[in-house]
Protein chains: 2
Amino acid sequence: MITSPISQLMAALLLLSGIASGQTKKLSGFPDSLAAAQLRLETQFDQHLSSANIGATIKELASQPHHISSARGKEVAEEIKRRFNSYGWDASLATYQVLFPIPTERVLELGGPKPYKALLKEPALPEDATSGQAGQLPTYNCWSADGDVKAGLVFVNYGLPEDYDYLQRLGISVKGKIVIAKYGRSWRGIKPKVAQEHGAIGCIIYSDPRDDGYYSGDVYPKGAFKNEYGVQRGSIMDMVIYPGDPLTPNVGATSEAKRLKREEAPNLLKIPVIPISYHDAAPLLQSLEGPVAPDDWRGGLPFTYHIGPGTTPVHLKMKFDWQIRPCYNVVATLKGSKFPDQWIVRGNHHDAWVNGAADPISGIAAMLEEAKAIGELAKQGNKPARTLVYCAWDGEEPGLLGSTEWVEDHAKELQEKAVVYINSDNNGRGFLNASGSHALETLVNEVGRDITDPQTNVSVLARRQALDALRAATPKAKKEKLARQSININAMGSGSDYSSFLQHLGVPSLDYSYGGEDAGGEYHSIYDSYDDYRRFKDPTFDYGVALSKTAGHTVLRIANAVNVPFDFRRLYETVNTYASELSDLSNNLREATAVENQLINDNKYALATDTAKHLAAPALKDPVPYIDFTPLQNALAGLDSVTQQLSARKQGANSEAVNKALYQAEQQLLYAGGLPNRSWYKHTLYAPGFYTGYGVKTIPGVREAIEQRRWKEADEQIKIVSEAIVRLSGYLQKHAL
Amino acid sequence: MITSPISQLMAALLLLSGIASGQTKKLSGFPDSLAAAQLRLETQFDQHLSSANIGATIKELASQPHHISSARGKEVAEEIKRRFNSYGWDASLATYQVLFPIPTERVLELGGPKPYKALLKEPALPEDATSGQAGQLPTYNCWSADGDVKAGLVFVNYGLPEDYDYLQRLGISVKGKIVIAKYGRSWRGIKPKVAQEHGAIGCIIYSDPRDDGYYSGDVYPKGAFKNEYGVQRGSIMDMVIYPGDPLTPNVGATSEAKRLKREEAPNLLKIPVIPISYHDAAPLLQSLEGPVAPDDWRGGLPFTYHIGPGTTPVHLKMKFDWQIRPCYNVVATLKGSKFPDQWIVRGNHHDAWVNGAADPISGIAAMLEEAKAIGELAKQGNKPARTLVYCAWDGEEPGLLGSTEWVEDHAKELQEKAVVYINSDNNGRGFLNASGSHALETLVNEVGRDITDPQTNVSVLARRQALDALRAATPKAKKEKLARQSININAMGSGSDYSSFLQHLGVPSLDYSYGGEDAGGEYHSIYDSYDDYRRFKDPTFDYGVALSKTAGHTVLRIANAVNVPFDFRRLYETVNTYASELSDLSNNLREATAVENQLINDNKYALATDTAKHLAAPALKDPVPYIDFTPLQNALAGLDSVTQQLSARKQGANSEAVNKALYQAEQQLLYAGGLPNRSWYKHTLYAPGFYTGYGVKTIPGVREAIEQRRWKEADEQIKIVSEAIVRLSGYLQKHAL
């Protein structure tokens, strides 16, 4: 009898990994008779992976700045192509012509009694070999408008709609002002968008040391965190309208594509924007008087944060060279031995803001390592049954340009052939992060179960489960996590190249990374370098290998599966929780609105507020009606029934038609009309939030209608998503049962 | 028909103040026939109050440093006595002989490559007229031990038990080290006590700008918040064992009292302790390496907080002049016209750490203004029916010395005669704060109902209700607050002179202040000055008048009531919520302990923690048994029944015996044996927390036994409090029904 905690632990781990019982592990999509062979293949695949090689690739590809349209950017694309071909793949460049602005003039100055001219420059460091190189893009936010403005400054916290609600209570308008917002809490592009919506004429975004600097740990180069001069570059295209080349929505940006005029592009801003360091932000913030910023607004700089409006004029001038430039995707194929017209698409971008050792080269290096290993297997006669399409995207940083244009250009073919799209981006030491289509959740669990974490020698699944259990908010939630044998994958928002596959075309998608023990402040700065990476991100490059295994096993399992491993039962269960969330959301909002309105009407705000603070009560809000969720509940009851039948079905080998139906089924969840005000996004379950950016909104049509208090739209959107679910159920019933 | 929101509001306010209906307001303890006369008396009382006079008193009494045993301290006592006598009271000094240490040597230095000698000095400021005066006590923590130690430093966050649990997970011991802790989260005396329990040989306490400095607002003298040199003085006597002169527990410190040797006093520390500014703390904290402090530990200084242990030695030397010194209480009486042996005791301390314009002179000024007005009423023939005893305490700052010694000296008489003790301390602009015996909650509500807030022209009760509603955590809780017509008063912990009355003798007590719009960093510093007060605390002194009214009306109502206004139904309801809290506490602790132990046993902590951080799992904890609350529930059922009968009783005039029984009833809640390990505290419902200090623990015997996981003690204490409640019920049944 096993009694000691250690023995119990070992027993549990053995059980989890399926070794104790001696049985062959279950692999979804494979009969037991073939599962062992697939697992052997994966073991062979693993033997071709080298952490040293991944480190060398990172060093080489991050050795020079290589943003889109730079000379080195093209060299990197060519080098990646060369490598694919050397591994036995058939690789070529897929080139598009996209708009990409490069700054020609950047000025930020404070006038008044303590004038200050912002440095707008990250210094070279002796500890970072590539930090002083020529060819770096300057610190800027891509898609800022040209502009030359001078105005008083207003500090707007994170620059989100609720921050402007608070400013309104203070009677402070940003109309005709320049705002200064902290990075964080939302995707950066939301901040200037909301500022512009409120009439601001310029926007400064800075990295506060509380969120991204010395507050979190020692700063670079002593530690990994952002030093006072570090700046986060980044795109501020309004990607939640559509990503990709802003001049060619919905179509590939080929030379001959019909283009919008720049002024017509609805996802481009009209005001100048610049990102700055906390060194540059401090004098600007210190120049402000007016109300003291409330607790939630304050940062880590050593002075009192005031809101303004500033009486000292701030001058912001931005000028860009707006050119159409080439965008070089690398597309490499390895033809499937049995089902050449069923594609497993895998991708990672190759362009960086500067050197990009972590973002994106750590992901590219892992992907190239997979391709090398798969090439070796192929050379030994183990070609995948389905076709593999490995893509290295250009122009991800400015707005998913390369992937979006390629997907739009090949939309019909992809909807026909793409079984799945598997994405990665940057990678580091830590825990498995997986997000994507929930019909693939079972597969992800099985993949994670079979990969050993480099540091702890348990499976990466077990390690993630431990993290999820520890992070759960309440004892009850922790208990539930402890009782589960599997993990949930996250829903996909945006921020990397899966967006067009999943949200525009309905191609089932996954995104993988490791991280959580690799915190730092190098993101989109000149310090995202090989020197930084090997000290702070993944010193042994073992998590590069873990990513290669995770994505590679996923690719190989789907490629070789007898039955493509979609588990719509997990999709049903997940959507069911979303429906509950929406119902709770509307009920909580109704209760909160009623009580807030009563507090306002009963004058409680006025009485409870410091009279010296001149803080008005919030505005009254429309009462929240009872919303009819029954169409959604009935649709889910139907999906419940169908997915139960699917799960109960005796597993034989699927016909090719059934496999095709299974991988195309997610397209039934698209709505041709798209989301309100952003028709490019067609998936009824997953989208980036209109006011969160990267952050996902699930069942976005309904959720955002409720959050933004558009009750009629909520009803319409419930109808749309319910019809999509009914369509999916009918489709599965007809084609897969 | 009234329809506009403004009209509705006015109607609601009128209704609340009882004016609209034309009826006389209900006054507990007064038949309707006498209520109007009492209200007229209070109106006359109000007419004698002058904000200008309060301002002048603050200016005069805070014009020089006047700590206990200083020459000016005695002058202040004499001046207060003189004033009482001039108002027609009979005032004299009640002098005790108490231990009070004054520093003779203070050294704090950092060695190593960047040596630093701490300033330990707040600079004089031209904007603050009294800040450069002679006679200021230096910055120190009173009751620090003498000591001369040199050791490495460890940063311990707020220095609470849970912080040491975290240090243990990191494998960091403070044994033989000097710790540096932030002010905040607990009473300051807890920090060195816990440090000493863990083997530290010295303790530094500093004001972090995140908690008390520029983070909150502009610093003094530009704004009210703590500048980089400001230091919070304060007592670190272990007052949760017993307050008062440490050499004379339980008895008055008269000249002839038997005294402990200083070494024997169980509430004195053995290690040296010093409070410092953030200017002085910065070099010490910056000298630390070792683990980065977790998020919850970090402050507002502009660098990364490390825990240490420091390798650079820190030198701390403290030496004191330990003398027995005189402690001058002023006691003024105004004899009752009908019940001279029933006393309404009212008090506020007069000693300050330095000038003490807010603490305590703002309270003293209001109390003197009351005494003046009551004296005027008496001169006009309106003497109170019961005797008033107004006390100005000395030596509150070092440890409630004056009040405790006087109470211990007059214990028997007070338990016989004291109807109530009404305390105040410092005061400022804002909201009514009331705490005390819950049998007085109804009275407090009626008093608050009849006093108009100086800024908003609604009652101070309505304003407090608004604040409570707005602050409630959830919509449900807000709704409940909105539905109530009354406020809850807080339970009393410690930190001012009510402690000995309530917690040692069972005299029903109240504490009043206004505040919440008077934030600042002057507390216990040289900047608690008249200049600071009139700029930032209560510029018009109108809240001084509001405090005079609040305490004065309370005094006059109890003094003149036909039936002393105790409402034990409110006590029952309050204790009932405490009992529910305790049951929830034990259930939640059981659930949390079980799941935490499972996380530890299943190795989830090890797997979920960054392997580079070397953070061990927490220690396993004993499972939480099911605790038998039925004795308490049965006791409360009995109190429910008795208090229902009391409330339903037809109100005639009480006999003197019944009134006496009502005001003495709270003594039934005392337990002669006192709390575990601190027998001085005898009240079974209210005590300062053993590890929170000022912060109250209700039903402390049971609550602390559960929190500190002593299950047998929890059972014993449930028995003790249940017996006390049964005793109270029987007593009320016998004497008051």
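For clarity, every value in this text was computed on a predicted model and none was experimentally measured. (Residues numbered from 1 in each chain as written. Chains lettered and ligands numbered in written order. Predicted model: local features only at pLDDT ≥ 70, side-chain atom pairs only at ≥ 80, totals over all residues. Heavy atoms only, no water.)

Colleague: Looking at this structure, I do not really get the environment of Val314(B). What am I missing?
Modeller: All names here are of chain B. Structurally, Val 314 can be placed in strand β10 (residues 314-334). It is 6.2 Å that separates the C-alpha atoms of Val 314 and Gly 111, two residues lying 203 residues apart in sequence. With residues near it in sequence (within four places) discarded, Val 314 still touches Leu 108, Glu 109, Leu 110, Val 149, Lys 150, Ala 151, Leu 153, Ile 178, Ile 204 and Leu 284. (Helix = DSSP H or I, 4+ residues; strand = E, 2+ residues; numbered from the N terminus. Contact = heavy atoms within 4.5 Å.)

Colleague: Sorry, what's going on with the environment of Tyr164(A) here?
Modeller: Residues and elements named next belong to chain A. Considering the arrangement of structural elements, one finds Tyr 164 in helix α5 (residues 161-170). Taking the C-alpha atoms as reference points, Tyr 164 and Leu 284, separated by 120 residues in sequence, lie 20 Å from one another. Filtering out sequence-adjacent residues up to four positions away, Tyr 164 remains in contact with Val 156, Gly 159, Val 174, Val 179, Val 194, Ala 195 and His 198.

Colleague: Sorry, what's going on with the relation of the copies chain B and chain A here?
Modeller: One copy of the chain maps onto the second through a rotation around an axis plus a translation along that axis. Each copy of the sequence occupies a distinct position, and chain B is placed on chain A by a rotation of 180° and an axial shift of 0.1 Å, giving an RMSD of 0.0 Å. The transformation just described matches what one would write down for a two-fold rotation axis. (Least-squares fit on C-alpha atoms with pLDDT ≥ 70 in both.)

Colleague: Could you clarify how one ought to interpret the packing of aromatic side chains in this entry?
Modeller: In this description, a pair of aromatic rings is defined by centroid distance and the angle of the planes. Residue and element names in this part refer to chain B. Per the stated rule, a full pass over the model turns up 52 aromatic pairs over all chains. When the ring of Phe 155 is compared with that of Tyr 305, the centres are 5.8 Å apart and the planes differ by 50°; the resulting orientation is tilted. Residue Phe 155 is found in strand β5 (residues 153-155), and its partner Tyr 305 is found in the loop between α7 (278-286) and β10; the two are separated by 150 residues along the sequence. Classification of Phe 155 as buried rests on a relative accessible area of 0%. Looking at Tyr 305, the relative accessible area reads 2%, which means it is buried. When the ring of Phe 303 is compared with that of Tyr 305, the centres are 5.4 Å apart and the planes differ by 25°; the resulting orientation is stacked. Owing to a relative accessible area of 10%, Phe 303 belongs among the buried residues under this scheme. (Phe/Tyr/Trp six-rings, centres within 6.5 Å; stacked < 30°, edge-to-face > 60°. Buried < 20%, exposed > 50% of the residue type's maximum accessible area, 1.4 Å probe, protein only.)

Colleague: Is there a simple way to explain the sheet that holds strand β5 (residues 153-155) of chain A in this structure?
Modeller: Residues and elements named next belong to chain A. The strand order β5-β6-β7-β9 describes an open sheet built from 4 strands, whose pairing is parallel. The outermost strands of the open sheet, each flanked by one partner alone, are β5 and β9 (273-276). Neighbour-to-neighbour, the strand axes of this sheet turn through a mean angle of 25°, independent of strand direction. Note that β5 and strand β6 (residues 178-182) share 3 bridges and pair parallel. By the bridge assignment, Phe 155 is partnered in β6 with Ile 180. (Pairing = 2+ DSSP bridges. Axes fitted to C-alpha atoms, helices over the stretch in contact; angles between N-to-C directions.)

Colleague: I tried to follow the interface of chain B and chain A on my own but got confused; where do I start?
Modeller: By a widespread convention, an interface's size corresponds to the accessible area lost as its parts come together. Contacts between the two partners involve 52 residues from chain B, matched on the other side by 52 residues from chain A. In total, about 4,600 Å² of surface goes out of reach between chain B and chain A, with carbon and sulfur atoms giving 61% of it. The tally of links from chain B across to chain A stands at 4 salt bridges. Two residues, Asp610(B) and Arg429(A), come together in a salt bridge whose shortest N-O distance is 3.0 Å. Applying the counting rule to chain B against chain A returns 26 residue pairs in polar contact (both at pLDDT 80 or more). Elements that contribute at least two residues to the side of chain B that touches chain A include exactly α13 (460-471), α14 (475-483), α18 (568-601) and α19 (604-608) of chain B. Of the residues assigned to the side of chain B that touches chain A, the class counts are 23 nonpolar, 12 polar and 17 charged. (Buried area = accessible area lost by both parts, 1.4 Å probe. Salt bridge = Lys/Arg side-chain N within 4 Å of Asp/Glu carboxyl O. Polar contact = N/O pair within 3.5 Å; in protein donor to acceptor, adjacent residues only side chain to side chain. Nonpolar A, V, L, I, M, F, W, Y, C, P; charged D, E, K, R; others polar.)

Colleague: In this structure, what is going on with the pattern of salt bridges? I would like to understand it.
Modeller: Close approach of charged atoms lets side chains of opposite charge pair. Residues and elements named next belong to chain A. Summed over the entire model, instances satisfying the criterion amount to 84 salt bridges over all chains. The partner of Arg 703 in a salt bridge is Glu 581, with the nearest N and O atoms 2.7 Å apart. Separated by 122 residues along the polypeptide, Arg 703 in helix α22 (residues 700-707) and Glu 581 in helix α18 (residues 568-601) bring together distant segments of the chain. For Arg 703, a relative accessible area of 11% puts it in the buried group. One network of salt bridges, with partners in common, ties together Lys 25, Glu 42, Arg 449, Asp 450 and Arg 557.

Colleague: Is there a simple way to think about the sheet that holds strand β6 (residues 178-182) of chain B in this case?
Modeller: Where strands meet in a sheet, backbone hydrogen bonds hold them as pairs that are either parallel or antiparallel. Residue and element names in this part refer to chain B. Spatial strand order, β5-β6-β7-β9: 4 strands in an open sheet with parallel pairing. One side of each edge strand has no neighbouring strand; the edge strands of this open sheet are β5 and β9 (273-276). Recorded for the sheet is a direction-independent mean angle of 25° between the axes of neighbouring strands.

Colleague: Which parts of the structure should I look at to understand the domain arrangement of chain A?
Modeller: All names here are of chain A. If you check the domain split of chain A, you get domain 1 (29-99 + 324-444 + 489-560), domain 2 (102-321) and domain 3 (568-735). Summarising the inter-unit geometry, the C-alpha centres of domain 1 and domain 3 are found 31 Å apart. Between domain 1 and domain 3 the total buried area reaches about 2,300 Å² when both faces are included, carbon and sulfur atoms providing 53% of it. The largest per-residue losses of area from domain 1 upon contact with domain 3 belong to His 438, Gln 503 and His 504, which jointly make up 23% of the total buried on that side. Across the contact surface, domain 1 and domain 3 share 2 salt bridges. (Domains from an automatic or database assignment.)

Colleague: I tried to follow the side chain of His306(B) on my own but got confused; where do I start?
Modeller: Position of His306(B) relative to the elements: it lies in the loop between α7 and β10. A distance of 2.8 Å separates a polar atom in the side chain of His306(B) from a polar atom in the side chain of Asp218(A). In this structure the side chain of His306(B) is engaged in a polar contact, spanning 2.8 Å, whose partner is the backbone oxygen of Gly290(B). Each residue touching His306(B), except ones within four places of it in the same chain, is listed here: Asp218(A), Phe155(B), Leu288(B), Glu289(B), Gly290(B), Pro291(B), Val292(B) and Ala293(B).

Colleague: Help me understand the UniProt feature "domain: PA" (unreviewed entry) in chain A in this model?
Modeller: This chain's UniProt record puts "domain: PA" (unreviewed entry) on residues 153-216 of chain A. Along residues 153-216 of chain A, the helical share is 28% and the strand share 20%, with 28 Å between the first and last C-alpha atoms. (UniProt positions renumbered as here; feature names shortened; annotations may be inferred.)

Colleague: What is the right way to look at the pairing of strand β10 (residues 314-334) of chain A in this model?
Modeller: Within a regular beta strand, the side chains point alternately toward one face of the sheet and then the other, so they alternate between its two faces. Residue and element names in this part refer to chain A. Bridge count for strand β1 (residues 90-110) against β10 is 20 bridges, and the pairing is antiparallel. The residue bridging Leu 110 from the neighbouring strand is Val 314, located in β10. Bridging between strand β4 (residues 147-151) and β10 involves 5 bridges; their strand directions are antiparallel. Across the sheet, Asp 148 pairs through a bridge with Lys 317, a residue of β10. Note that β10 and strand β12 (residues 386-393) share 5 bridges and pair antiparallel. Looking across to β12, one finds that Leu 334 is bridged to Leu 388.

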